[in-house]
Amino acid sequence: MTLYLVPRTRAWLSAEEVAAAADCVPAVNDTIDGLRWIRSYIVEEEDGTFSGYCVYEADNPEVLREHADALMLPTDAIKPVVATMVVAPDPEPVVTR
């Protein structure tokens, strides 16, 4: 599998939508072969919407498009990761509910 970064600009209108997506994503992931969700970084935009920067392992970009379609999420780009630089481990996840 290849590691990919998928930006999703203004994918959610509220923190409640982000939380709802977090709840349903694992079930959708279980229905798609060739995909492993690693993590997502969610940021709040100046207009109050939320964007995501999602990291996946996938067999190919089409699997990621299928995943986005199933979740009705935007896919701004699908970028193969060519290197990973880890200076320190990620902190404990921040979850807004």
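Residues numbered from 1 in each chain as written. Predicted model: local features only at pLDDT ≥ 70, side-chain atom pairs only at ≥ 80, totals over all residues. Heavy atoms only, no water.

Looking now at the nonpolar core. Taken as a class, soluble globular proteins show a tendency for nonpolar side chains to be buried jointly. Within the largest apolar cluster, 19 residues are counted, with the highest numbers of intra-cluster contacts made by Trp12, Leu35, Tyr56 and Leu64. Put simply, the parts of the chain that give this core at least two residues each are strand 1 (2-12), helix 1 (15-29), strand 3 (50-58) and helix 2 (61-71). Sequence-distant contacts of Leu64, defined by excluding residues within four places in its chain, comprise Tyr4, Val6, Leu35, Tyr56, Ala58 and Ile78. (Core = buried A, V, L, I, M, F, W, Y, C linked by side-chain atoms within 4.5 Å. Buried < 20%, exposed > 50% of the residue type's maximum accessible area, 1.4 Å probe, protein only. Helix = DSSP H or I, 4+ residues; strand = E, 2+ residues; numbered from the N terminus. Contact = heavy atoms within 4.5 Å.)

Of all 9 residues in strand 3, 7 are buried; the element is thus mostly enclosed. Pairing of strand 1 with strand 3, which is carried by 8 bridges, proceeds in the antiparallel orientation. When the bridges of strand 3 are listed, Trp12 appears paired with Phe50. Sheet topology places strand 2 (residues 35-44) next to strand 3; 9 bridges connect them, and they run antiparallel. Note on strand 3: the bridge partner recorded for Ile42 is Gly52. (Pairing = 2+ DSSP bridges.)

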